[in-house]
Amino acid sequence: MTSVMPWERPGSKIDDRHLQRLAVIYIRQSTRQQLVDHQESTRLQYALVDRAVALGWQAVRVLVIDEDLGKSGSSAVARTGFQRLVTEIGLDHVGLVLGIEMSRLARSGKDWYQLIELCALSGAVLADSDGVYDPGEYNDRLLLGLKGTMSEAELHLIKQRMWSGRLNKARRGELAFPLPSGYVRRPSGQVAFDPDEQVQTVIRLVFAQFERLGTLHGVLRHLVDSDIQLGIRLREGPDKGTLEWRRPNRMTLQTLLHNPAYAGIYAYGRRRVDPRRQGPARPGTGRVVRSRDGWHVMIPNALPAYITVAQFEANEAKLAANRARAEAMGAIRNGPALTAGLVHCGRCDRRMSVRYHTQHSKALPEYVCSRDVTNYGAQKSCQLLNSACVDAFVEQQVLAALTPAAVEVSLRAADQVLAERAELERLWSQRLERAAQNADRARRSHHLAEPENRLVVRQLEKEWEDALAAQQRLGEDHDRFTRSSPHILTPAERQTITALAGDIEGLWRAHSTTTADRKEIIRAIVDKVVVTVLDTSEQVNVTIVWAGGTLAAGEVIRPVQRLQQLSYYPQLTDRIRELAGQGIGANGIADRLEAEGFRPAKGGKRISAATVRDLMRRLACPAGRVHPHRPAPPGEEPGPGEWWLKHLAAELETTTSTLYAWIDRGWITTRRESRWPTASSPTPTSKNSPNSANAAPVRPAGTAAASGPTPPKQQGNRLHERTVLDRSPRPSAF
């Protein structure tokens, strides 16, 4: 007797174990459009319930999963129906998985082989219109793998054919895509300007203001302050093609400025999908903007243009420069650093950043080159200097360059003001015309309605009243705008502009001229400023690279931390030694140094006497002359071992402040002198006050403080006391 192998028996792949479980019918269509156009395919999939009953399952044991209708099978992330199917298989609830074809289950190799593996482990079988397959048997598993591979390849071929067709049509400039605001597509397929004049005016105003202001936020603030809205044509829905006016926002303006269609360029492939950035079940995400070299299609002069190609390229460069990155100049901000974004390091040729620190509640900017510290962990910055010295030099050079063009500047300023006011007035007139048109349309609709139909007439009457109220409010707003900004310049305004142009420096330093205005002027004529600090000294070489390519170089002085950093520190110390050797005191040396042009390390015009005294101590210079003190009252002259306060400070080579500290600690004893005050006697001062103008004789420590004769107190007079100190032995520190 010849034995029959299991796979040779009819229906042997389905047994009682499978029939005791559920039979799952998985139904899927790739898109919602297919649900509308291919309804027969959907009916055919639902009819698979009869196929499951024919294979032995009861109708109540057949589970239909149709949650994935209208979803692509390229991924299982957003397919809740497929995830439910996998869960049921993993719980050993499924004996049969039935689909119209295997491609309905998955078009991704990862998802398909995961399903096969789960079915093999749980003992479930798969079936389509061609037969029944047991993933636990090698031949069936091989066939299922081949079907899954073909399904995935089929999806790739479909996408490839569609992509090739789109690209070929785009190369001819015939591929239609959604148009930006300001354009419409005619029935013939031709792209034209929006027939609404107000829409065109607003688009041109946006580009004009960006060219003048230079920042996206500046354009947004101008539109908001002027109450200007953007006209948008609806792209979908029952009101498709209807014009709506919406408030401007940053993203809309950014998209508008970056769109090459406004320069007449037909472009395709500007954005591509990066799979690493694409969100699950969100096919519209993960798009990355490519550079112009990476566009698939670029056809100049294919569309009507609002701006020239050169202006579009300039806008792109300005937007890129406004980005807050190390390699970009950055947008103009309100900080006090005038050349922020323009300063480059003369040592490493990198752009220097701005750092602020607070001193006396005032923000002081610094230019610092810290790229090596940030990127490579260097111990110190490449260069660091105060911005005031560089900004002052650049400001001086810019004013010198602008002075010859004063008359031209005044004329252009007047023309610019006139053009801007004329553009705004034109926009206002269009808004008034639209409001009048809406009111007239509401009036005609009200008059055309039957008077007896009160349900309709009441609503039309309300719409008419609303249109009239909107027209009145707009007229009042226009009157306020006209009073605040007349559309022509008065003779007084013209005279003011001409007068200000003759005084460029006065205009530059006027309170009405903001820091942002000054920065904008500097950036208009300066490409970059290269600074190089000579070693660690106060000397800085500054080179200005003008917009035309010419150079202007100079040397400025920066504040430094220590006197030792000064380039003339050796000459300074030699001069102090020389003057001290001549017996000149600290105050006299400070006067001589100021007259000879020596300046302190941290800026200013004079090296203080305290600094000179400290240098003299470090250089071991003689203390200089001590001026004689005025005579003491009779009988209170300094005795043996006593000194006046300044004489003792010179003897010990210290300061009077140190002696006062020793008094507080008890290292020096004191005595007082008394005399009759005159009518102009000063107010008594504290005996330990460092500001006392009186010197004091001292005596050895340990002796009792003696008091001079005390005159009787008289009406209207106060006792004038002067501090007298007793000398104590020198502390161990000396």
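In this text the structure is predicted, and so the values were computed from the model without any measurement.

(A) Inspection of the overall build of the protein chain at higher detail. Counting secondary structure elements, the protein chain contains 23 helices and 22 strands. Approximately 42300 Å² of the protein chain is accessible, and the part contributed by carbon and sulfur atoms is 52%.

(B) Expanded view of helix α22 (residues 645–652). Turning to α22, its buried residues number three or more, namely Leu645, Leu648, Ala649 and Leu652. Across the axial projection of α22, the buried residues extend over an arc of 100°, all falling on one side.

(C) Here's a closer look at the sheet that holds strand β1 (residues 22–29). Spatially, 5 strands are ordered β2-β1-β3-β4-β5 in an open sheet, and the strand pairing comes out mixed. At either end of the open sheet lies a strand with only one pairing partner, and these are β2 (62–69) and β5 (131–133). Strand-to-strand twist in this sheet, taken as the mean axis angle between neighbours without regard to direction, amounts to 25°. The strands touched by helix α5 (residues 80–90) within the sheet are β1, β2 and β3 (94–98), with β2 carrying the most contacts at an inclination of about 145°. Across the sheet, helix α7 (residues 138–171) lies against β4 (125–128) and β5, angled at about 110° from β5, the strand it touches most.

(D) The arrangement of the sheet that holds strand β15 (residues 353–359) in detail. Spatially, 3 strands are ordered β15-β16-β17 in an open sheet, and the strand pairing comes out antiparallel. The strands lining the two open edges of the sheet, one partner per strand, are β15 and β17 (383–386). Adjacent strand axes in the sheet meet at a mean angle of 30° when their direction is disregarded. As paired strands, β15 and strand β16 (residues 362–369) are joined by 7 bridges and run antiparallel to one another.

(E) Fine view of the pairing of β1. Among the 8 residues that make up β1, 8 are buried, leaving the element largely enclosed by the rest of the structure. Side-chain alternation along β1 places Leu22, Val24, Tyr26 and Arg28 on one buried face and Ala23, Ile25, Ile27 and Gln29 on a second face that is also buried. In terms of strand pairing, β1 meets β3 through 4 bridges, oriented parallel. Bridge pairing in β3 places Leu22 opposite Val94.

(F) View of the packing of helix α9 (residues 216–225) against helix α10 (residues 250–258). Two elements in contact, α9 and α10, have axes separated by 10 Å at closest approach and are oriented at 120°. Taken together, the axes of α9 and α10 lie oblique to each other. Where α9 crosses over α10, the two elements pack in a sense that is right-handed. Along its contact with α9, which presents Leu216, His217, Val219, Leu220 and Leu223, the element α10 presents Arg250, Leu253, Gln254 and Leu257. Partitioned by chemical class, the residues of the contact of α9 with α10 number 6 nonpolar, 2 polar and 1 charged.

(G) Examining unusual backbone geometry more closely. Phi is positive for Asp349, which is not a glycine, with a value near 60°. You can see Asp349 is positioned in the loop between β14 (343–345) and β15. Phi at Asp535 is positive, roughly 55°, even though this residue is not glycine. Examined against the element boundaries, Asp535 turns out to sit in the loop between β18 (526–533) and β19 (539–546).

(H) Just the side chain of Arg431, in detail. Of note, Arg431 is situated in helix α14 (residues 406–448). Judged by its relative accessible area of 16%, Arg431 is buried. When sequence neighbours within four positions are dropped, the list of residues in contact with Arg431 reads Gln198, Ser226, Asp227 and Leu474.

(I) Seen up close, the environment of Tyr266. Locating Tyr266 in the fold gives a position in strand β10 (residues 266–268). Given the relative accessible area of 4%, Tyr266 is considered buried. Residues Tyr266 and Asn301, 35 residues apart in the sequence, show an inter-C-alpha distance of 7.6 Å. Excluding anything up to four places from it in sequence, Tyr266 contacts Ala170, Gly173, Glu174, Leu175, Phe177, Val297, Met298, Ile299, Ala302 and Leu303.

(J) Focus on helix α11 (residues 309–321). Counted at 1.5 Å a residue, the expected span for α11 with its 13 residues is 18 Å, and the 18 Å between its end C-alpha atoms agrees. Restricting attention to buried positions, one finds in α11 the residues Phe312, Asn315 and Leu319. End-on view of α11: buried residues confined to an arc of 60°, all on one side of the axis. At its buried positions, α11 is contacted by α8 (197–213) and α10.

(K) Inspection of the pairing of strand β20 (residues 551–557) at higher detail. Bridge count between β19 and β20: 7 bridges; the pairing is antiparallel. Of the residues in β20, the one forming a bridge with Gln539 is Ile557. The turn joining β19 and β20, which pair antiparallel and follow one another in sequence, is formed by 4 residues; a positive phi near 105° is taken by Gly549.

(L) Representation of the nonpolar core within the structure. Core analysis: the biggest nonpolar cluster contains 35 residues, and Val206, Leu253 and Leu257 have the highest contact counts within it. Counting residues per element, the ones that place at least two in this core are α8, α9, α10, α11, α14 and α15 (454–484). Apart from the residues lying within four places of it in its own chain, the contact partners of Val206 are Val219, Leu223, Leu230, Leu253, Leu256 and Leu257. If you look at the next biggest cluster of nonpolar residues, it comprises 30 residues, including Ala340, Cys369, Val390 and Val394.

(M) Summary view of the confidence of the model for the protein chain. The share of residues in the protein chain with pLDDT of 70 or more is 82%, and the mean pLDDT across the chain is 79. Throughout residues 1–10 the model reports pLDDT below 50, and contacts reaching past four residues in sequence, or to other chains, amount to 4 contacts. Contacts from residues 676–734, a stretch scored under 50 in pLDDT, to residues over four places away or in other chains number 132 contacts.

(N) The arrangement of the pattern of salt bridges in detail. Inspection of every chain in the model, using the stated rule, returns 28 salt bridges. Note that Asp440 and Arg443 form a salt bridge whose closest N and O atoms lie 2.7 Å from each other. Linking Asp440 with Arg443, this pair stays in helix α14, spanning 3 residues, or about one helical turn. Across the pair Asp574 and Arg577 runs a salt bridge, and its minimum N-O distance is 3.5 Å. Pair noted here: Asp574 and Arg577 are both in helix α19 (residues 569–581), with a separation of 3 residues, about one helical turn. For Arg577, a relative accessible area of 40% puts it in the partly exposed group.

Rules used throughout
- Residues numbered from 1 in each chain as written.
- Predicted model: local features only at pLDDT ≥ 70, side-chain atom pairs only at ≥ 80, totals over all residues.
- Heavy atoms only, no water.
- Helix = DSSP H or I, 4+ residues; strand = E, 2+ residues; numbered from the N terminus.
- Areas by Shrake-Rupley, 256 points an atom, 1.4 Å probe, with all protein chains shown as cover.
- Buried < 20%, exposed > 50% of the residue type's maximum accessible area, 1.4 Å probe, protein only.
- Arc of directions from axis to C-beta.
- Pairing = 2+ DSSP bridges.
- Axes fitted to C-alpha atoms, helices over the stretch in contact; angles between N-to-C directions.
- Contact = heavy atoms within 4.5 Å.
- Parallel < 35°, antiparallel > 145°, perpendicular 65-115°, else oblique.
- Left-handed = near helix turned anticlockwise from the far one by under 90°.
- Nonpolar A, V, L, I, M, F, W, Y, C, P; charged D, E, K, R; others polar.
- Expected span 1.5 Å × (residues − 1).
- Core = buried A, V, L, I, M, F, W, Y, C linked by side-chain atoms within 4.5 Å.
- pLDDT = per-residue confidence, 0-100.
- Salt bridge = Lys/Arg side-chain N within 4 Å of Asp/Glu carboxyl O.

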